[in-house]
Every structure is written in structure tokens, then in C-alpha cells.
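# Commentary on secondary and tertiary structure
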Amino acid sequence: CIYRNEGTMSEDFRNNCGRLLKLEKKDNWAKYLLKLRRTLIQEKVTIVHAQTSLNAITAVLCTLFTNIRVVTTFHGFYFENAPKWKKWIVYKGSKKIAFVSDYMRQHYIQKGIWGNIDRYVVVYNGIDFNKFGDITKRSNSGNKVEMCMVGSFGLTRNQMFVCKFLERLNNQGVDFHFTFV
């Protein structure tokens, strides 16, 4: 796992997820973006999951001109008033955008979400890879799924849910590697 900031769940995540790499964003965003991009490529990540607009923008910028796909989850209505340039980066740069309810998905569509609305899915209370179609496939990595999630260890993000999800994948025999940024 790769992470940026410590938080209330850091120790629990560290104790349950094995190897962790802390990639700090000091004062220079450009250096951070380049370092993150190099790390994502070096770790052979194929999917980056972002839970906030800042993390989505970061993920999209870091994965430009790569085969790394970005999946963004909207958890609220905070993004509808974002500047157009932020919306453009997130909407155009995310392979899929997941909403936590159909009401939220419809709301954003009515507000003028950009792009093909078939990319916008509803995922209730967790991740269901069936909703993402072939996003987990990558021809040069065989059957192994390389996933990445951009975020922090804050209590509101419930990263233990992510650990339980990864444990479930492991118990089902899914060949995967997960990186937390």
C-alpha cells in the first residue's frame, strides 16, 4: 500500500495490510505528482480508486498516457458546484464513476455530467466488480488484477472495509495486488 497522510485508522490499516509505502506531498505538487506516477508505474498498478475530487484529479494527472484506469466514487453532492476545469478532469479522466445511490447518479446526470453516462454506475455500500465490466482486465498482466486506491486513513473513509473487501477477494481466490495511495 502507498499512502500520503497518517490518520486515525493508520495503525489498523498497517497491521492488516502488510507492506506500506508513505509517499509524502511536501510543498511541491508537481514533484509529488511525478513521484506518485513513477510509483504507480513501478508497482504495476492497473486501477486507481479515488474517493474525493482532489484524489481523483491527482489520480487522473498521474495516470495520463498510461494504461492505468481511474475509478472515482462520489459519496455526496459536494462536486456539483466545483469549477468546470475540475469537473472536466474528473469526468473525462475517470474510466468509471461510481455513485453510492441511484438518486445521486440521476442528480448528477440532470446537472449536466459530461461524457457517456454508461460509464456512471451505482455501487451500493461497497464495490461490486460486476458493475465495472471489463475494467479489471489488462492484456499484459495475465489474470492478475492490480488495484490502487487514492485516499487517506481518516475514520470517515472506513479503510477497514477496504481490508475486509481485500480479504474477501483473497478468500475467493482472486489473484490481485492492491496499492493504497
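Residues numbered from 1 in each chain as written. Predicted model: local features only at pLDDT ≥ 70, side-chain atom pairs only at ≥ 80, totals over all residues. Heavy atoms only, no water.

## Considering the packing of aromatic side chains
- Tallied over the entire structure, the rule returns 7 aromatic pairs.
- On the basis of an interplanar angle of 85° and a centroid distance of 5.5 Å, the ring pair of W29 and Y32 is categorised as edge-to-face. In this pair, W29 and Y32 both sit in helix α2 (residues 29-42), 3 residues apart, roughly one turn of the helix.
- Looking at W29, the relative accessible area reads 32%, which means it is partly exposed.
- Residue classification places Y32 among the buried positions, given a relative accessible area of 2%.
- With a centroid separation of 6.5 Å and an interplanar angle of 75°, the aromatic rings of Y91 and Y120 are classed as edge-to-face. With Y91 in helix α4 (residues 84-93) and Y120 in strand β6 (residues 120-122), this pair connects stretches of sequence that are 29 residues apart. No difference in accessibility class separates Y91 from Y120, as the two residues are buried.
- Put simply, the rings of F74, Y91, F99, Y108 and Y120 touch in pairs and so form one group of aromatic residues. (Phe/Tyr/Trp six-rings, centres within 6.5 Å; stacked < 30°, edge-to-face > 60°. Helix = DSSP H or I, 4+ residues; strand = E, 2+ residues; numbered from the N terminus. Buried < 20%, exposed > 50% of the residue type's maximum accessible area, 1.4 Å probe, protein only.)

## Let's talk about the packing of helix α3 (residues 53-62) against α4
- At a closest axis distance of 9 Å, the pairing of α3 and α4 adopts a crossing angle of 60°. Regarding the angle of α3 to α4, the classification is oblique. Remark: the crossing between α3 and α4 carries left-handed chirality. Counted together, S53, A56, I57 and V60 of α3 and W85, K86, I89, V90 and G93 of α4 form the full contact between these two elements.
- Classifying every residue of the contact of α3 with α4 by side-chain character gives 6 nonpolar, 2 polar and 1 charged. (Axes fitted to C-alpha atoms, helices over the stretch in contact; angles between N-to-C directions. Parallel < 35°, antiparallel > 145°, perpendicular 65-115°, else oblique. Left-handed = near helix turned anticlockwise from the far one by under 90°. Contact = heavy atoms within 4.5 Å. Nonpolar A, V, L, I, M, F, W, Y, C, P; charged D, E, K, R; others polar.)

## Observations regarding the environment of S53
- Looking at the secondary structure, you find S53 in helix α3.
- Residue class for S53 comes out buried when judged on its relative accessible area of 18%.
- Measuring from C-alpha to C-alpha, the distance between S53 and F79 comes to 7.2 Å, with 26 residues separating the pair along the chain.
- Residues contacting S53, with those up to four places away along its chain left out, are Y78, F79 and V90.

## Focus on the confidence of the model for the chain
- Residues at a pLDDT of 70 or more form 78% of the chain, whose mean pLDDT is 78.
- Predicted confidence for residues 135-140 stays below pLDDT 50, and this span has 13 contacts to residues more than four positions away or in other chains. (pLDDT = per-residue confidence, 0-100.)

## Quick notes on the pairing of strand β4 (residues 69-74)
- With 5 of its 6 residues buried, β4 lies for the most part within the structure.
- Where strand β3 (residues 47-50) meets β4, 4 bridges bridge the pair, whose relative direction is parallel. Within β4, the position partnered with V48 by the bridge is V70.
- Crossover β3 to β4 through α3 is right-handed. (Pairing = 2+ DSSP bridges. Right-handed = clockwise from strand over helix to strand, strands pointing away.)

## Comments concerning the packing of α2 against α3
- Between α2 and α3, the shortest axis-to-axis distance is 9 Å and the interhelical angle comes to 65°. Of the possible angle classes, the one that applies to α2 and α3 is roughly perpendicular. Judged by the sense of rotation from one axis to the other, the crossing of α2 with α3 is right-handed. Contact residues: α2 offers W29, Y32, L33, L36, R37 and L40, while α3 offers L54, T58, L61 and C62.
- Class assignment for the residues of the contact of α2 with α3 results in 8 nonpolar, 1 polar and 1 charged.

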